[in-house]
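# Structural description and commentary
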Amino acid sequence: MDADQTPADEYREIGGRFTRLVEGVPDAATWDRPAPVDGWTARDVVRHLVEWFPGFLRAGAGVELPAGPSVDDDPAAAWRTFSDGVQALLDDPASADLVVRNPHIGDIPLPRAVSQFFTADVFMHTWDLARATGQDETLDPERCAVMFAGMEPMDEMLRASGQYGPRVPVPEDADPQTKLLAFIGRDPSRGR
């Protein structure tokens, strides 16, 4: 997140880009195309984001996000309902006083927790959805560089979490997007 950007503004930008990709899926069959995450389809990328985060907020802060249609029935509407709920939560001034409590991460102000865990996840999965659906895969290079620099020192811990695949080797002079994707286990050189 840029120093002058609030978590709400950051999510508006990153979630907005993801929403444009969701809305840009050309037809229902595209949702079943393979995604870069082994065993996932484009629909599963949306499912992952829509399904894991509500439980995180409910357990850690007692916050309920609005439920939309099933990702199986309408992935675009499921995402829009969910994402609008996240944005409304971040836009609500009262959210600044909420804390997410989690035994693994401690107590974190809700807006920062959304930024650190969810918005970052949306950013990384933007590439997965774009690749699976044949849309523009370009990620913000500065954000990629910052995320990679922050994650690389935690390589062993992140890998042990099971949340990331094996690191893919790339040249030292690779661009920031390639380095970040390879770090999280994506092979940017594999075809569409």
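Above this text you will find the structure in question.
Thresholds applied
Residues numbered from 1 in each chain as written. Predicted model: local features only at pLDDT ≥ 70, side-chain atom pairs only at ≥ 80, totals over all residues. Heavy atoms only, no water. Helix = DSSP H or I, 4+ residues; strand = E, 2+ residues; numbered from the N terminus. Rg over C-alpha atoms; globule rule 2.2 N^0.38 Å. Buried < 20%, exposed > 50% of the residue type's maximum accessible area, 1.4 Å probe, protein only. Lys, Arg positive; Asp, Glu negative; His and termini not counted. Charge placed at Lys NZ, Arg CZ, Asp CG, Glu CD. Salt bridge = Lys/Arg side-chain N within 4 Å of Asp/Glu carboxyl O. Contact = heavy atoms within 4.5 Å. Pairing = 2+ DSSP bridges. Phe/Tyr/Trp six-rings, centres within 6.5 Å; stacked < 30°, edge-to-face > 60°. Lys NZ or Arg CZ within 6 Å of the ring centre and 35° of its normal.

Along its length, the protein carries seven helices and two strands. Starting at the N terminus and walking to the C terminus, you meet the elements of the protein as α-α-α-β-β-α-α-α-α. Relative to the compact-globule value of 16 Å for 192 residues, the protein shows a C-alpha radius of gyration of 16 Å, a close match. Along the first, second and third principal axes, the C-alpha set of the protein runs to 45 × 40 × 30 Å. Expressed as a percentage of the 192 residues in the protein, the buried residues total 48%. Seen as two clouds, the 18 positive and the 33 negative side-chain charges of the protein have centres 3 Å apart.

Tracing the backbone shows Arg17 in helix α1 (residues 7-23). Here Arg17 sits buried without a salt bridge, and the closest side chain of opposite charge, Asp136, lies 4.5 Å off (N-O distance). Contact partners of Arg17, with chain neighbours within four places excluded, come to Thr126, Asp136, Glu137, Thr138 and Leu139.

Here the focus is the pairing of strand β1 (residues 99-102). Bridging between β1 and strand β2 (residues 106-109) involves four bridges; their strand directions are antiparallel. Within β2, the position partnered with Arg101 by the bridge is Asp107. In textbook terms, the turn of a hairpin is the stretch between consecutive antiparallel strands, and for β1 and β2 this stretch comprises three residues.

All right, on to the packing of aromatic side chains then. All chains considered together, the criterion is met by eleven aromatic pairs. Here Trp52 and Phe53 contribute two aromatic rings whose centre-to-centre distance is 5.3 Å and whose plane-to-plane angle is 75°, an arrangement assigned as edge-to-face. Overall, Phe53 belongs to the buried group, its relative accessible area being 0%. Judged by centre distance (5.8 Å) and plane angle (50°), the rings of Trp79 and Phe82 are tilted. Pair noted here: Trp79 and Phe82 are both in helix α3 (residues 75-91), with a separation of three residues, about one helical turn. Given the relative accessible area of 3%, Phe82 is considered buried. Taken together through their ring pairs, the aromatic side chains of Tyr11, Phe18, Trp52, Phe53, Phe56, Trp79, Phe82, Phe117 and Phe118 make up a single cluster. Directly above the aromatic system of Phe123 lies the positively charged group of Arg143, at a separation of 5.8 Å from the ring centroid.

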